[in-house]
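# Structural description and commentary
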Amino acid sequence: MTRHPKLLLTMLGCLLALTTGVRAQPALFDMSPERPAAPATPVIPPLLSRPRPAVVPEPSVPQMPAPAVPVAPAAPVEAPLSAAPAPVETVSRHYLVPSASLVLEGEYDRRGWSVYLMDAEASTPAKLKLAFRNAVVIAPEVSELQILINGHPLAQERIAAADAATSLLLDIAPGILQAGVNRIELIASQRHRTDCDIRSTYDLWTEIDPKETYLSFASSTITPLSVAEAIRAVGVDEAGRTQFKIWMPGLSQTNATSNVMRLVQGVSLFGSMPNQSFQFTTGADLTEAPGQLGMIIGTWSELQPLVPDLPETARAAAIATVLPASEGRGRLLLISGPSWEAIGSAIETLIASVDRPITVPRDLIDTQRWKDPAAPILAGGEIMPLSQMGVQTVEFSGRRLRTSFNIAIAPDFYANAYGEATLLLDAAYTPEVKPGSHIDIYINGNIASTLPIKTTTGGVFSKLPVKIPLRHIRAGVNEIWIEVALETDADIACMPGTPAGQNPRFALFDSSQWVMPQFARLGQSPTLAGIASVGRYSPNPKIPLLLSIDHLEADTLGAAATFIGKMALSAGRLSQVEMVSATQALGERPALFVGTIAQMPPKLLTQIGVSPSAVNSWRPQMGGPSTQNVGTTDAMDKWRQQVSGGEITDALGRLRGWIGRRFDISLESLSLLPEQDEIFQPSSNDTLLIGQGQSPERTARWTAVIAPTPAELLEGAVGLAQQDKWQLLTGRMTSYRAKIDEVTNRPAHDIVFVQTVAPSFSNYRLVAANWLSTNILFYSAFVVGLCSLLGLATMLMLSRMGRRS
């Protein structure tokens, strides 16, 4: 111990320091009395949070802890609109693609649509981001993508994103964007790496990513100048959808619902978006997001305890305003007043600018938000240059050229069986184009006409008439494609290493014209095509539409609002909607029923052709898919053979199919009496059913929107309101399956014809021509009868005037 005194002193000092440090740390389980805590930073509540009642401690009882008493759940109470701040982005996004996907196909494809920008957005520095990927067979050295805004070229990018998606970030020069409508245009020119035939052009595609394609603005606090501007500029989300969320404390009030349904129509016309829907929600769900707009509707007394910054002026007079986007909140549309009558007046003032009087004819269907320009409505006898419908002159050097345009047809179109339109074609081709090349015309995806190219010396078409049957024309918007397939010796040889030719071999001129003939005008009922095409629920639009909802709850109202809003957008005008009860006497007036199958009156199900047993059998499918027994397949085959009737019936079926393909004749056209509409039994896979039938006296149309549950009712209405599904509605009944996104139509056989125009001999002649073309046996009997009368008249004339031998 005496040899190392310094070492011992050092060890003792270290031990003392460790002991002092341990004592300075707080104990892991401190049982001492709690020290007063420092004031903490106040916690910011959510944007819309439910008020929490203050907890008052009970007086303590010595040596006897208070027993825990279960508390009954309180009734749901509308949460107040919190004014708490929340972090916001410093950049505002405006998504551009108005659909869930956008693919540019073939060697040439051009897509154009418009977006609406507020004045503050147009004057703010902006950038365009666009992401795309393409097929691996595209040759990047000769393929390019052009981007234009309002006709100004923004970029001309080489298509070379086969391995990974390419993102472009482009600065937009000041003055290109404008307040209001802005046209977005994408043009793709694509060539194949190796192949030169026409078949290989179907392998060329460039897919635009909607989630990564948007306009970004430097400022996030963009304030609209008016309520109308806020609605028009709502835009779409990353999936191409638009959603309006409505918070209405007085949800169960009938007079409130009538006013809201009127507002829904006006909002649909303001927005004019292809995939818009409405949802009734609580205040906690009114958060800002692209493609969404929240709306608060209610009287001052209903909203005063819930909305902190409710304007005091709403106590005395109705207001319609936009709550500022301050305090971390998104823009909210506020409509309030002292009573629902005053709110109704404010709604009428707001939507008056988009309403179209019944006496004012409609000449366009607004499709600009998803396809620019708008589709002109043709009533017969028009000659329309293709330049007015968006077609531009193209000088083409490839193998397959495609371009399209839209036309709209009146809902009482009745000329599918005999009518012919004419395309006056202006085009040219070089001598290298071989015979066997052809020009095809497609209507709504169906081949309608073909023009073969037969000469070897080239040629110029000047107003060359191309006859196009109107068999595939339908009421509403029709998409017409012109496709040119070209064959050349160079393409047949397809020498390796040969560069793609840049010299044009075909030209299509925008001076070509579409000639629409005079066609028969006759309404038909039932038909859902009238609702889908022009929102027509009755031949007389002056008659109000009766809306029957058995239970006023959020999902059912959302489905009704989505359906009525889509009808208004198709009609291009507002309709009068009256709320009625399903048990009331509707009389012979047009009516719309929205609800679950259990809420539908049995009389209504009979009128629209739905089996009454569906009330008990149409339920959501529970659990996984059912499994079949081992012998199920064999048993099904056995029953199929017994029911089919054997080989004779199968042979007759094949003969019927051959006659239909060869001569375009169906058995329905050979029957003397119309078929009876079958009673429909919904499947458990069906999410939504829309049916239309006649009123008991067959003078009005009754339409029903039905689902097994309110949640499926809203899901099905939102899915069917997407533009690509909505335009498929036709016949007497449409079913929609949300899981596979499928629409199935059932035609109407028991049809009532309705006169829609003033009586005239020319229209009666056209109606007779189409009806006789559809009913061949009656036409044959008519011809035989005329021939018999002619023979009888000839015999009588000769018996009196002729010379007897």
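Residues numbered from 1 in each chain as written. Predicted model: local features only at pLDDT ≥ 70, side-chain atom pairs only at ≥ 80, totals over all residues. Heavy atoms only, no water.

## Some points on the packing of aromatic side chains
Stated formally: Ring pairs are drawn from Phe, Tyr and Trp, using the six-membered ring of Trp, whenever the two centres fall within 6.5 Å, and their geometry is named by plane angle: stacked under 30 degrees, edge-to-face over 60, tilted for the rest. A run of H or I in DSSP becomes a helix once it reaches four residues, and a run of E becomes a strand once it reaches two; helices and strands are each numbered from the N terminus.
Summed over the entire model, instances satisfying the criterion amount to nine aromatic pairs. Residues Phe405 and Trp514 carry aromatic rings whose centres are separated by 5.9 Å and whose planes lie at 70° to one another, so their mutual orientation is edge-to-face. Taken together, the positions of Phe405 in strand E20 (residues 400–409) and Trp514 in strand E27 (residues 513–515) put the pair 109 residues apart, joining distant regions of the chain. Considering the side-chain rings of Phe413 and Phe519, the 5.0 Å spacing of their centres and the 70° angle between planes classify their relative orientation as edge-to-face.

## Concerning the sheet that holds strand E8 (residues 180–189)
Applied cut-off: Two strands qualify as a pair provided that DSSP identifies no fewer than 2 bridges between them. Interaxial angles span 0 to 180 degrees and are taken between N-to-C directions of axes, which are lines fitted to C-alpha atoms, for helices over the stretch in contact.
With antiparallel pairing, the four strands of this open sheet are ordered in space as E3-E8-E5-E6. The sheet is open, and its two edges are formed by strand E3 (108–117) and strand E6 (152–158), each paired on a single side. Across the sheet, the mean angle from the axis of one strand to that of its neighbour is 15°, orientation sign disregarded. Bridge count for strand E5 (residues 144–149) against E6 is six bridges, and the pairing is antiparallel. The residue of E6 that forms the bridge with Leu145 is Glu157.

## A few points about the nonpolar core
Here is the rule: The term nonpolar core refers to a set of buried residues drawn from Ala, Val, Leu, Ile, Met, Phe, Trp, Tyr and Cys, joined through side-chain atoms within 4.5 Å. The classification of residues rests on relative accessible area computed with a 1.4 Å probe and restricted to protein chains. Under 20% of the type maximum is buried, over 50% is exposed, and intermediate values are partly exposed. Should any heavy atoms of two residues lie within 4.5 Å, those residues are counted as being in contact.
If you look at the biggest cluster of nonpolar residues, it comprises 62 residues, and the most contacted ones within it are Ile246, Met248, Leu547 and Val594. Looking at this core element by element, the count peaks at eight residues for helix H4 (residues 254–271). Not counting residues up to four positions away in its chain, the partners in contact with Leu547 are Met261, Ile564, Val577, Glu578, Met579, Val580, Leu592 and Val594. Ranked by size, the runner-up nonpolar core spans 42 residues in total, among them Ile187, Leu401, Ala427 and Ile443.

## Side note on the state of the cysteines
To keep things clear, this is the line we draw: By convention in this document, the label disulfide applies to cysteine sulfur atom pairs within 2.5 Å.
For the structure shown, the criterion picks out one disulfide. Covalent S-S linkage joins Cys196 and Cys494, the inter-sulfur distance amounting to 2.1 Å. Negative torsions about the S-S bond denote left-handed disulfides, and the value of about 65° found for Cys196 with Cys494 makes this one right-handed. With a gap of 298 residues between them, Cys196 in the loop between E8 and strand E9 (205–208) and Cys494 in the loop between helix H7 (489–493) and strand E26 (506–508) connect regions that are remote in the sequence. Classification of Cys494 by relative accessible area gives partly exposed; the value is 22%.

## Some words on empty space enclosed by the protein
Cut-off, in case you're wondering: In this analysis, the protein atoms alone were mapped onto a 1 Å grid. Cavities are point sets where a 1.4 Å probe fits without being able to get out; pockets are open sets with protein on both sides within 12 Å along at least five of seven lines; lining residues have an atom within 4 Å of a point. Grid points are joined across faces, edges and corners, and a volume is the space filled by probe spheres set on the points. Throughout this entry, Asp, Glu, Lys and Arg are counted as charged residues, while Ala, Val, Leu, Ile, Met, Phe, Trp, Tyr, Cys and Pro are counted as nonpolar. The remaining residues, Gly among them, count as polar.
Under the criterion given, the structure shown has seven cavities of 30 Å³ or more. Forming the boundary of the largest cavity are 23 residues, of which Arg110, Lys371, Asp372, Gly390 and Ser404 lie nearest the centre. Mapped onto the lining of the largest cavity, the elements with two or more residues apiece are E3, E8 and E20. Residues that form the lining of the largest cavity fall into these classes: nine nonpolar, six polar and eight charged. Taken as a whole, the second largest cavity holds about 90 Å³ of empty space. As for the second largest cavity, its lining consists of 14 residues, and the residues nearest its centre are His94, Ser114, Val115, Gly235 and Met273.

## Brief notes about a nonpolar patch on the surface
So the rule is basically this: Excluding any residue in a salt bridge, patches collect residues exceeding 30% relative accessible area, merging like charges within 9 Å and nonpolar Val, Leu, Ile, Met, Phe, Trp and Tyr side chains within 5 Å. Working definition of accessibility: Shrake-Rupley area with a 1.4 Å probe, residue cover restricted to the visible protein chains. Salt bridges are defined by distance alone: a side-chain nitrogen of Lys or Arg within 4 Å of a carboxyl oxygen of Asp or Glu.
A cluster of nonpolar side chains, Tyr779, Phe782, Val783, Leu786 and Leu789, forms an exposed patch at the surface whose accessible area comes to about 480 Å². Along the chain, Phe782 falls in helix H17 (residues 776–801).

## A word on the pattern of salt bridges
Under the counting rule described, the total for this entry stands at 25 salt bridges. The shortest N-O distance in the salt bridge between Arg111 and Asp109 comes to 3.3 Å. Judged by its relative accessible area of 2%, Asp109 is buried. Between Asp750 and Arg698 there is a salt bridge whose closest N-O contact spans 3.3 Å. Here Asp750 is found in the loop between strand E35 (742–746) and strand E36 (752–754), whereas its partner Arg698 is found in the loop between strand E32 (688–694) and strand E33 (701–707), with 52 residues between them in sequence. The exposure class assigned to Asp750 is partly exposed, which follows from its relative accessible area of 34%. For Arg698, a relative accessible area of 39% puts it in the partly exposed group. By sharing partners, the salt bridges in this structure join Glu107, Arg399, Asp491 and Arg505 into a single network.

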